Amino acid sequence: MQERLSELEKRYGAAEIRRQRDDLAFVRLEADRAVDALTYLRDRAGYTHLVFLTAVDVIERGLFRLTYMLHNYDEVSDVGVEVEIPREHAEMESIHSLWAHAATYQRELNEMFGISFPGSPRLEEPFILEGWDDIPPMRREFDTKAYSEARYFPRPGRTTHDTTEHMKEKLYPEEDI
């Protein structure tokens, strides 16, 4: 794996390399170099399986961090490729031509975070949130409580319990929590 990580640093300018275990590492790349690096990892380094593609909203820094997790079956190792993109007009090159199932992940990230992947099939079709009319719900400025209170009426007899008190009373009455 070290050879592949060194190659990513040399060839694609990996800014940060973190080895979590002998068989797991993460690299941070610039967005404009990421698809070339993913292609290299798939075609030349044996990381043929896209395990997942996910995003984290780093609102404090005004960006989204995408993570592409790849697996190499021969070496039984994983590499996570991290890419940071701006939250404003968030857009990343599609990888559906590398892994067909990436289109599903990209549709989900488009709907949940508002990240666009130009050219990705069916990107604008509703995926999970049919009829959704609010900001993408995984963005950190989305207020889940306010949304629920505005959309769903309170039901008689429904109560809310403090989790700690409920556990003390119902689950562990003999213990001091």
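The structure displayed is predicted, hence computed values, not measured ones.

Peer 1: Any chance you could explain the overall build of the protein here in plain terms?
Peer 2: Across its full length, the protein holds 5 helices and 5 strands. The order of α-helices and β-strands along the protein, N terminus first, is α-β-β-α-β-β-β-α-α-α. In terms of C-alpha radius of gyration, the protein reaches 21 Å, well past the compact-globule figure of 16 Å for 177 residues. For the protein, the C-alpha atoms occupy an extent of roughly 60 × 45 × 30 Å along the three principal directions. Within the protein, the proportion of its 177 residues that are buried is 40%. Considering only contacts in the protein between residues 6 or more positions apart, those separated by 24 or more positions represent 51%.

Peer 1: How should I be thinking about the pattern of salt bridges in this particular structure?
Peer 2: Pairs can form between side chains of opposite charge once their charged atoms are near each other. Tallying each qualifying case throughout the model produces 20 salt bridges. Measuring nitrogen to oxygen at the nearest pair gives 2.7 Å for the salt bridge that ties Arg11 to Glu7. Of this pair, Arg11 and Glu7 both sit in helix α1 (residues 2-12), 4 residues apart, which is roughly one turn of the helix. Two residues, Glu84 and Arg61, come together in a salt bridge whose shortest N-O distance is 3.1 Å. Of the two residues, Glu84 sits in strand β5 (residues 77-86) while Arg61 sits in the loop between β3 (49-58) and β4 (63-72), which places them 23 residues apart along the sequence. Judged by its relative accessible area of 21%, Glu84 falls in the partly exposed class. Residues joined by salt bridges that share partners form a network here, namely Glu16, Arg18, Arg28, Arg61, Arg65, Glu82 and Glu84.

Peer 1: Before we go on, may I ask you to explain the sheet that holds β5 in this structure?
Peer 2: Working definition: the strands of a sheet are paired by backbone hydrogen bonds and lie parallel or antiparallel to each other. The strand order β1-β2-β5-β4-β3 describes an open sheet built from 5 strands, whose pairing is mixed. Across the chains shown, the open sheet's two edge strands, defined by having one partner strand only, are β1 (16-21) and β3. Pairwise comparison of adjacent strand axes, ignoring direction, gives a mean angle of 20° for this sheet. Lying on the sheet, helix α2 (residues 31-43) is in contact with β2 (24-29), β4 and β5; it crosses β5 at an angle near 160°.

Peer 1: What's the story with the layout of surface pockets in this structure? I'm lost.
Peer 2: Rolled over the atoms, a probe sized like a water molecule indicates the empty space that remains. The computed volume of the largest pocket comes to approximately 300 Å³. Together, Lys145, Ser148, Glu149, Tyr152, Phe153, Pro154, Arg155, Arg158, Thr159 and Thr160 line the largest pocket. The residue inventory of the lining of the largest pocket, partitioned by class, reads 3 nonpolar, 3 polar and 4 charged.

Rules behind the numbers
Residues numbered from 1 in each chain as written. Predicted model: local features only at pLDDT ≥ 70, side-chain atom pairs only at ≥ 80, totals over all residues. Heavy atoms only, no water. Helix = DSSP H or I, 4+ residues; strand = E, 2+ residues; numbered from the N terminus. Rg over C-alpha atoms; globule rule 2.2 N^0.38 Å. Buried < 20%, exposed > 50% of the residue type's maximum accessible area, 1.4 Å probe, protein only. Contact = heavy atoms within 4.5 Å. Salt bridge = Lys/Arg side-chain N within 4 Å of Asp/Glu carboxyl O. Pairing = 2+ DSSP bridges. Axes fitted to C-alpha atoms, helices over the stretch in contact; angles between N-to-C directions. 1 Å grid on protein atoms, 1.4 Å probe; cavity = no way out; pocket = protein on both sides within 12 Å on 5 of 7 lines; lining within 4 Å. Points joined across faces, edges and corners; volume = space filled by probe spheres on them. Nonpolar A, V, L, I, M, F, W, Y, C, P; charged D, E, K, R; others polar.

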